[in-house]
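# Descriptive analysis of the structure
Below, each chain spelled out in residue letters.
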Amino acid sequence: TFRTRLDANAAFSEIIELNVGGQVYVTRHKTLVAVPDSLLWNMFSKKSPKELARDSKGRFFLDRDGFLFRYILDYLRDLNLVLPDYFPEKSRLQREADFFQLRDLAKRLSPRVSKDNSICEEIINQSDTEDGGLQCCSTSGAMRSPSLDSRKSGYITIGYRGSYTIGRDIQTDAKFRRVARITVCGKTSLAKEVFGETLNESRDPDRPPERYTSRYYLKYNFLEQAFDKLTEAGFHMVACSSTGTCAYTSNDPNEDKIWTSYTEYVFCRE
């Protein structure tokens, strides 16, 4: 019981290294056990190091969202959390809070309903209210999501490299556009808002929401699907540019021509 818990705590070093979904975090043991009865509190106060999963380098391993864990850790440091001005991952962060059994944080992240039955978005920073509570910004009229009012302006650039082959009989032998990968450039928060789970972040997994990136790409290769997503989010195309090269499959000029191109489409939301 109590003595066993003391023995377990003594078995952990003061500084703990974590591997959360491939992202490495270094923090203090007391930070991880800051919230009693939470998942991390149970792991690092009631269990011994030998009972916990580790990666190949000996770090304690958690198979969760490595990007969102930074906000979980921020909350544990002083039991307060301030999110960026526009944070499109709020529902996913609430799911992480539920998983880690941080009930107070999950409650703060859940949508609130004001007196006029409209959904409103609370402000996470407790210091903003005199009584340490949470403020709620209501909207009048019909029920509507705060994300519709908090959309920010910005640009997103879609790029792709494509190739197609034209044979000697152009009409019958043309092999149409082949798109290998659709890249996404722009502000991280805007890219995640528009493309959500269809966005592959593996080449730039830890980019903060307010920073820019040119390393994201989509999990599908249909340009029209990407255009539909942008249109639904209120973006419209403002510019397009393309370059192309032509080569023969052999030294015989009568053989098929292979065209390769790189194209960028610039979308804007005002």
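Residues numbered from 1 in each chain as written. Predicted model: local features only at pLDDT ≥ 70, side-chain atom pairs only at ≥ 80, totals over all residues. Heavy atoms only, no water.

## Notes on the overall build of the chain
- Helix and strand counts for the chain stand at 10 helices and 12 strands.
- Across the chain, contacts joining residues at least 24 apart in sequence account for 59% of those joining residues at least 6 apart.
- For the chain, the exposed area adds up to about 15,800 Å²; of that, 48% sits on carbon and sulfur atoms. (Helix = DSSP H or I, 4+ residues; strand = E, 2+ residues; numbered from the N terminus. Contact = heavy atoms within 4.5 Å. Areas by Shrake-Rupley, 256 points an atom, 1.4 Å probe, with all protein chains shown as cover.)

## Some words on the nonpolar core
- Counting 34 residues, the largest nonpolar core has Leu18, Leu40, Phe44, Phe69 and Leu93 as the members making the most contacts within it.
- Sorting the residues of this core by element identifies β1 (15-20), α3 (39-45), β3 (60-62), α4 (69-78), α5 (90-99) and α6 (103-109) as the ones contributing at least two each.
- Element by element, the count of residues in this core is highest for α4, at six residues.
- Grouped together as the second largest cluster of nonpolar side chains are 22 residues, Val194, Tyr216, Ala226 and Phe267 included. (Core = buried A, V, L, I, M, F, W, Y, C linked by side-chain atoms within 4.5 Å. Buried < 20%, exposed > 50% of the residue type's maximum accessible area, 1.4 Å probe, protein only.)

## Things to note about a nonpolar patch on the surface
- Residues Ile15, Val24 and Val26 make up a contiguous nonpolar surface patch of about 250 Å² in total accessible area.
- Structurally, the position occupied by Val26 is in strand β2 (residues 23-28).
- What makes Val26 partly exposed here is its relative accessible area of 49%. (Patch = residues over 30% accessible without salt bridge, like charges linked within 9 Å, V, L, I, M, F, W, Y side chains within 5 Å. Salt bridge = Lys/Arg side-chain N within 4 Å of Asp/Glu carboxyl O.)

## Let's talk about the sheet that holds β2
- In space, the three strands of this open sheet follow the order β2-β1-β3, with mixed pairing throughout. At either end of the open sheet lies a strand with only one pairing partner, and these are β2 and β3. The sheet shows a mean angle of 30° between the axes of neighbouring strands, taken without regard to direction.
- Examined bridge by bridge, β1 and β3 share three bridges and lie parallel to one another. What sits directly across from Asn19, in β3, is Phe61.
- Against the sheet, α4 contacts β1, β2 and β3, and its axis sits at roughly 5° relative to β2. (Pairing = 2+ DSSP bridges. Axes fitted to C-alpha atoms, helices over the stretch in contact; angles between N-to-C directions.)

Distances and angles like these do not, on their own, reveal function.
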